[in-house]
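Listed below, chain by chain, are the residues.
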Amino acid sequence: MLNHDRSAGDFAQACKSIPGGVNSPVRAFGKVGCTPVFYDHAQGSHVWDVDGNEYVDFICSWGPMILGHGDADVLGAVRAQLDRGVSYGAPCEAEIRLAQLICEIVPNAERARMVSSGTEATMTAIRLARGCTGRDKFVKFEGNYHGHSDSLLVAAGSGVATLGIPDTPGVTAGTAADTIVAPYNDLQAVKDIFAQVGKQIAAIIVEPIAGNMGVVAPVPGFLEGLRAVCDEYGALLIFDEVISGFRAAIGGAQERFGIRADLCTYGKIIGGGFPVGCVAGRAELMEQLAPTGPVYQAGTLSGNPVAMEAGIATLTKLMQPGVYEELERKGALLAEVLRAAVAEAGIPACVNQMGSLATLFFHPGPVTCWDDAAACDTDAFARYFRGMLEAGFLIAPSQFEALFVSLAHTDGEIERFGTAARAALANCR
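Calculation rules
Along each chain, the written sequence defines residue order, and numbers are assigned to residues from 1. Side-chain atom pairs in this predicted model are given and counted only at pLDDT of 80 or more, local residue features only at pLDDT of at least 70, and totals for whole chains, interfaces and linings cover all residues. Hydrogens and water molecules were not included; the side-chain quantities draw on all heavy atoms of the structure. By the convention used here, strands pair only if DSSP detects at least 2 bridges between them. Under the scheme used here, helices are H or I runs from DSSP no shorter than 4 residues and strands are E runs no shorter than 2 residues, and both carry numbers assigned from the N terminus. The length a helix should cover is 1.5 Å for every residue beyond the first. Each residue gets one of three labels from its accessible area relative to the maximum for its type: buried under 20%, exposed over 50%, partly exposed in between, using a 1.4 Å probe on protein chains only. In what follows, residue pairs with any heavy atoms lying within 4.5 Å of each other are defined as contacts. Whenever two N or O atoms come within 3.5 Å, that pair is a polar contact, provided that in protein one can donate a hydrogen and the other can accept it, and provided that, for residues adjacent in sequence, both atoms are side-chain atoms. Ring pairs are drawn from Phe, Tyr and Trp, using the six-membered ring of Trp, whenever the two centres fall within 6.5 Å, and their geometry is named by plane angle: stacked under 30 degrees, edge-to-face over 60, tilted for the rest. We count a salt bridge whenever a side-chain nitrogen from Lys or Arg sits within 4 Å of a carboxyl oxygen from Asp or Glu. Think of a nonpolar core as a cluster: buried Ala, Val, Leu, Ile, Met, Phe, Trp, Tyr and Cys residues, connected wherever their side-chain atoms sit within 4.5 Å. For helices, the fitted axis covers only the stretch in contact; all axes are lines through C-alpha atoms, and the angles between them, taken along N-to-C directions, range from 0 to 180 degrees. Positive charges come from Lys and Arg alone, negative charges from Asp and Glu alone, with His and the N- and C-terminal ends not counted. Seen with the strands pointing away from the viewer, any crossover whose path from the first strand over the helix to the second strand runs clockwise is right-handed.

A. Layout of the sheet that holds strand 13 (residues 393–394). As summarised here, the arrangement of the 4 strands in space is 1-2-3-13, forming an open sheet in which the pairing is mixed. A strand with exactly one partner marks an edge of an open sheet, and here the two such strands are strand 1 (39–43) and strand 13. Where strand 2 (residues 46–49) lies against strand 3 (residues 54–57), 3 bridges are found, and the strand directions are antiparallel. Bridge pairing links His46 to Val56 in strand 3.

Below you can see the structure in the form of structure tokens.
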């Protein structure tokens, strides 16, 4: 048995000064029947906790550590910037270079505005869509999480679903009234909504590859249909690629599926592990942001030079030939070993995988929408989670999150993950 005494003590202390003992609810381990692991250091695909336990990390800081922890090129860029300054609150050349990289990589992105988090990025995208169209309403999907701003928390997945929290405490009825929720992967439901109030809808915002109810891919024709509906009614299509961006492909879901979005949001990977977010899109839309346009958005730490340099180093490495073929191969291997473990255990479960993202659902499958994901056996997941933790593998403490593969993970580690999963799943029958 792994010793977690110091983590348990740290958690008890944290609860005295931090609500719930954590600074983000997805870090809480309450729903999996234990207390959080407190990290001490990380390198490559491994992390060590304060008790000295070593784990293979399939959380990867919830996605951004796509190169692995402590990548030498990223750390070198960060150290060089630290000598020049930590924060300016003023323009710097690194902002230009990162924005140019994003516009070069992402289809249909002609301008990019840096912000400090994914939540800020999606909030800005919604405001911009409303400002550009003069309309108030927008459509989101059940189980898609777009950050914790008021209007976007309605029918969200991720930590809200894990903790079983109702959608709207602290969110006014008036704010929620402009948010129209549709089932993910149900194009007809979207068409019906637009047939009723289409001329009042500013935008559709969607995770083109859902990652916050677990990994759920779009069914054939769904994204194409959203694009067509938006074109018909003069609404904007927003891709929230905070998770899928630079994981599904170097150009994200727009490249992978060949679908044009008007605006897209990014985070995580473009900061190389530092807090960052971004809104990108067509020039005529993006130029409506202040100071060139009337839609106000601001942030003192936006374009932080350390985060910009880390992001440039990360994206530069991701642009090298063969990177995404390798990530796809590793993601497919992870799905393969998990499916073999499920088959051996003989339990009702399935595995969804796309690129370097995967989820083991405790549901017989298929899982294509929030109703499917919500029907998972979360008690069985909790037993599986504890088994994987004891075996030295870190996964998200929620059925409704993804496994993240990095370039630092070896085939041997992925295969050992499958071996550990077979043992853990034996306790889930």
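B. View of helix 14 (residues 378–390). Over its 13 residues, helix 14 runs 18 Å from end to end, which matches the ideal 18 Å to within 8%, given 1.5 Å per residue. Along helix 14, the residues classified as buried are Ala380, Phe381, Ala382, Tyr384, Phe385, Met388 and Leu389. Packing partners of the buried residues in helix 14 comprise strand 3, helix 12 (323–345), strand 12 (357–361), strand 13 and helix 15 (411–425). N-cap assignment for helix 14: the residue whose side-chain oxygen lies 3.2 Å from the backbone N of Asp379 is Asp377. Gly392 lies just past helix 14 and shows a positive phi near 90 degrees.

C. Summary view of the packing of aromatic side chains. All told, the structure shown has 14 aromatic pairs when counted by the stated rule. Look at Phe58 and Phe393: their rings are 6.4 Å apart centre to centre, the planes differ by 40 degrees, and that puts the pair in the tilted class. Here Phe58, found in the loop between strand 3 and helix 2 (72–82), pairs with Phe393, found in strand 13; they are 335 residues apart in sequence, far enough to count as distant. Classification of Phe58 as buried rests on a relative accessible area of 0%. When the centroid spacing of 5.4 Å and the interplanar angle of 90 degrees are considered together, the rings of Phe393 and Phe417 count as edge-to-face. Taken together, the residues span a long stretch of sequence, with Phe393 in strand 13 and Phe417 in helix 15 at a distance of 24 residues. Assessed through its relative accessible area of 6%, Phe393 is described here as buried. For Phe417, a relative accessible area of 0% translates into the label buried. Joined through ring pairs, the aromatic side chains of Phe29, Phe362, Phe381, Tyr384 and Phe385 make up one cluster.

D. Spotlight on the pattern of salt bridges. Applying the stated criterion across every chain yields a total of 17 salt bridges. We note a salt bridge from Arg227 to Asp262, for which the minimum N-O separation is 3.0 Å. Of this pair, Arg227 sits in helix 8 (residues 222–233) while Asp262 is found in the loop between helix 9 (252–257) and strand 9 (263–267), placing the two residues 35 residues apart along the sequence. For Arg227, a relative accessible area of 8% corresponds to the buried category.

E. View of the nonpolar core. Core analysis: the largest hydrophobic core is formed by 69 residues, its most contacted members being Phe141, Leu226, Phe246, Leu315 and Leu318. The dominant element in this core, judged by the number of residues it contributes, is helix 11 (residues 305–318), at 8 residues. Counting residues in hydrophobic clusters, the runner-up holds 44 residues, among them Ala382, Phe385, Leu389 and Val405.

F. Seen up close, the sheet that holds strand 11 (residues 350–354). Across the sheet, 3 strands lie side by side as 11-12-14; this open sheet has antiparallel pairing. Strands with a single pairing partner mark the edges of an open sheet, and in this sheet they are strand 11 and strand 14 (403–404). Relative to the sheet, helix 12 contacts strand 11, strand 12 and strand 14, its axis offset from that of strand 11 by approximately 180 degrees.

G. Representation of the side chain of Arg247 in the model. In this fold, Arg247 is placed in the loop between strand 8 (236–240) and helix 9. Despite its burial, Arg247 pairs with no opposite charge; the closest candidate is Asp57, at 9.0 Å N-O. Among the polar contacts listed, one links the side chain of Arg247 to the backbone oxygen of Val405, at a separation of 2.8 Å.

H. Local environment of the environment of Arg127. Along the polypeptide, Arg127 turns up in helix 4 (residues 118–133). Among all residues touching Arg127, those that are not within four sequence positions of it are Val295, Tyr296 and Gln297.

I. Just the pairing of strand 12, in detail. Of all 5 residues making up strand 12, 5 are buried, and the element is well covered by its neighbours. A two-sided burial pattern is seen for strand 12, the buried positions comprising Leu357, Thr359 and Phe361 on one face and Ala358 and Leu360 on the other. Note that strand 11 and strand 12 share 5 bridges and pair antiparallel. Within strand 12, the position partnered with Asn352 by the bridge is Thr359. In this structure, the hairpin formed by strand 11 and strand 12 is closed by a connection of 2 residues, where Gly355 is found at a positive phi of approximately 60 degrees. Across 2 bridges, strand 12 lies against strand 14 in antiparallel orientation.

J. Inspection of the pairing of strand 8 at higher detail. By the criterion of burial, strand 8 is predominantly enclosed, with 5 of the 5 residues buried. Judged by which residues are buried, strand 8 turns out to be covered on both faces: Leu236, Ile238 and Asp240 on one side and Leu237 and Phe239 on the other are all buried. Where strand 7 (residues 201–206) lies against strand 8, 4 bridges are found, and the strand directions are parallel. Each residue of the ladder has a partner; that of Ile205, found in strand 8, is Ile238. The parallel pair strand 7 and strand 8, bridged by helix 8, forms a crossover whose chirality is right-handed. For strand 8 and strand 9, the ladder comprises 3 bridges, and the chain directions are parallel. Residue pairing for strand 9: Ile238 is matched across the bridge by Leu263.

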